[in-house]
Amino acid sequence: MKVAIVHDWLVNYGGAERVVEAMLSIYPDADIYTLVYDEAKMGKIFPKEKVHTSFVQNIPGATKIYTKLLSFMPRAFESFDFSGYDLVLCSSSSCAKGVITPPSVPHIAYVHSPMRYAWDQYHDYQKRSSALVGFFMDLQMPSIRLWDYVSSQRIDKIITNSNYIRRRIKKYWNLDSDVIYPPVDTDRLEPNGKPAEDFYVVFSRFVPYKRIDLAISACGKTGRKLVVIGGGSQEAELKSLAASFKDSNITFTGRISDDEVKDYLQHCKAMIFSAEEDFGIIPVEAQACGRPVIAFGKGGSLETVVDGVTGVFFDNQEQDAVIEALNKFEELDSKNQFDQQKIVEHAKSFSTQRFCNQLKDKINEVLKDFSK
């Protein structure tokens, strides 16, 4: 069977690219189609000879400015010809799901989310943009939304990463979808068998919606020790916030290796996760290391963290709510509420093997229907 895998872009490795990697493990001979491809960053995982790029790849600096080329994306993905394939699998949070396939070729899309900047997060993106960018967003978005809706109607089967996104798909596309949680590499993570140390950890990109400021301000105000792992556009702002607390006990590690991250996750008291995510792989990774998660109780966290069993929730993205959750966690932890084995077993329910098995079953269902 000749299979094509389509992904928005291959320029950095993250959760969405793990999905593509898992798809490729199911169909190792598949071809990969994408908007743009950075061989230097992605060549070891996705070999150049397997990757087909769109005409956007020929634009100078495309692998750096691709997010600014939204107006080209619908035409780029519709230009791919899949007439010689037996199956098209898409991994999409932008325009990849808009490919055109022949009626006899099943198109299955794993949708991480309908484009956030076109729908529910449009106003947030606009507020953070310059006046010029905001002007072009206003001009461009009505036609992008129309294309996004129309192109969604030609998908044969939609699979998504959480019930949270399933509701978003229903709202914006008026389509039903099946939930298969994304793959988490739980096999490389495990507890270290030692008692937790007296510090909390945050691991994230430093961007506004991750709300790392909440963890910093909550720990800074209460004198709790916090290790902040990662980097990004907010780095100077977050370091300034941490320094504003007298006798701050907050450490920034910068970007560190996977093994170093694992070591912090294994030793920490708990992870603090303040973002409203579609799913959220990092809290699952912390749980795979046997550590509980203190999470904002909205979005994907409600599906990855079990309140009172693998962590605790806070209801509002406010400093006092995080402090209250920290106090609640420490009270429960002092009573040995959090069983490490149960936490690890819960995390393993999100494994890569589980994802591949469930995806293969769903693909076989669709292929069976197409064979009738």
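All values reported here derive from a predicted model rather than from experimental measurement.

Parameters at a glance
- Residues numbered from 1 in each chain as written.
- Predicted model: local features only at pLDDT ≥ 70, side-chain atom pairs only at ≥ 80, totals over all residues.
- Heavy atoms only, no water.
- Buried < 20%, exposed > 50% of the residue type's maximum accessible area, 1.4 Å probe, protein only.
- Helix = DSSP H or I, 4+ residues; strand = E, 2+ residues; numbered from the N terminus.
- Pairing = 2+ DSSP bridges.
- Expected span 1.5 Å × (residues − 1).
- Contact = heavy atoms within 4.5 Å.
- Axes fitted to C-alpha atoms, helices over the stretch in contact; angles between N-to-C directions.
- Parallel < 35°, antiparallel > 145°, perpendicular 65-115°, else oblique.
- Left-handed = near helix turned anticlockwise from the far one by under 90°.
- Core = buried A, V, L, I, M, F, W, Y, C linked by side-chain atoms within 4.5 Å.
- Salt bridge = Lys/Arg side-chain N within 4 Å of Asp/Glu carboxyl O.
- Patch = residues over 30% accessible without salt bridge, like charges linked within 9 Å, V, L, I, M, F, W, Y side chains within 5 Å.
- Areas by Shrake-Rupley, 256 points an atom, 1.4 Å probe, with all protein chains shown as cover.
- Lys, Arg positive; Asp, Glu negative; His and termini not counted.
- Charge placed at Lys NZ, Arg CZ, Asp CG, Glu CD.

### Regarding the pairing of strand S2 (residues 31-34)
Working step 1: Taking every second residue as pointing to the same face, both faces of S2 are buried, with Asp 31 and Tyr 33 on one and Ile 32 and Thr 34 on the other.
Working step 2: Inspection of the sheet shows strand S1 (residues 3-7) paired to S2 by four bridges, in the parallel sense. Pairing of Ile 5 across the sheet is with Ile 32, part of S2.

### Here we look at helix H13 (residues 319-334)
Working step 1: With 16 residues, H13 should cover 22 Å at 1.5 Å per step; its first-to-last C-alpha distance of 23 Å lies within 8% of that length.
Working step 2: All buried positions along H13 are accounted for by Ala 321, Val 322, Ile 323, Ala 325, Leu 326, Phe 329 and Leu 332.
Working step 3: Those residues of H13 hidden inside the fold are in contact with strand S8 (200-203), helix H8 (212-222), strand S11 (270-273), strand S12 (293-296) and strand S13 (311-314).

### Looking at the environment of Leu 69
Working step 1: Note that Leu 69 resides in the loop between helix H3 (62-65) and helix H4 (73-78).
Working step 2: Leu 69 sits 262 residues away from Glu 331 along the chain, and the two C-alpha atoms are 50 Å apart.
Working step 3: Sequence-distant contacts of Leu 69, defined by excluding residues within four places in its chain, comprise Val 56 and Ile 59.

### Brief notes about the packing of H8 against H13
Geometrically, a packed helix pair is captured by the angle between its two axes and the distance between the axes.
Working step 1: Interaxial distance between H8 and H13 falls to 9 Å at its minimum, and their mutual angle equals 65 degrees. With respect to H13, the element H8 is oriented roughly perpendicular. The handedness of the crossing between H8 and H13 comes out as right-handed. Between H8 and H13, the residues in contact are Leu 214, Ser 217, Ala 218, Cys 219, Lys 221 and Thr 222 and Gln 319, Asp 320, Val 322, Ile 323 and Leu 326, respectively.

### What to know about the nonpolar core
Working step 1: Counting residues in hydrophobic clusters, the biggest one holds 40 residues, and the most contacted among them are Val 6, Leu 35 and Phe 82.
Working step 2: Broken down by secondary-structure element, the contributors of at least two residues to this core are S1, H4, strand S4 (87-92), strand S5 (107-111), helix H6 (131-152) and helix H7 (163-173).
Working step 3: Counting residues per element, this core draws most heavily on H7, at five residues.
Working step 4: Ignoring sequence-local partners within four residues, the contact set of Phe 82 consists of Ala 4, Val 6, Tyr 33, Val 88, Val 99, Ile 100, Thr 101, Pro 102 and Val 105.
Working step 5: One finds Phe 206, Ala 215, Leu 238 and Phe 329 within the second-largest nonpolar core, a separate group that totals 29 residues.

### A few points about the sheet that holds S4
Working step 1: The seven strands lie next to each other as S3-S2-S1-S4-S5-S6-S7, forming an open sheet whose pairing is parallel. Edge positions in the sheet fall to strand S3 (51-53) and strand S7 (178-179), since each has one partner strand and no second.
Working step 2: Alignment of S4 against S5, held across five bridges, turns out to be parallel. Counted as the bridge partner of Cys 90 is Ala 109 from S5.

### Section: the pattern of salt bridges
Working step 1: Using the criterion set out here, one finds 20 salt bridges in the structure.
Working step 2: One salt bridge in this structure joins Glu 190 and Lys 262, with 2.9 Å as the shortest N-O distance. In this pair, Glu 190 is assigned in the loop between S7 and S8 and Lys 262 in helix H10 (residues 258-267), connecting sequence segments 72 residues apart.
Working step 3: The class for Glu 190 is partly exposed, based on a relative accessible area of 33%.
Working step 4: Here Lys 335 and Glu 331 are joined by a salt bridge, their closest N and O atoms 3.5 Å apart.
Working step 5: Its relative accessible area of 56% is what places Lys 335 among the exposed residues.
Working step 6: Its relative accessible area of 46% is what places Glu 331 among the partly exposed residues.

### Brief notes about a negative patch on the surface
Working step 1: A surface patch of like charges, here negative, comprises Glu 197, Asp 258, Asp 259, Glu 260 and Asp 263.
Working step 2: You can see Asp 263 is positioned in helix H10.
Working step 3: Note on Asp 263: relative accessible area 37%, which makes it partly exposed.

Spatial relationships are all this shows, so hold off on functional conclusions.
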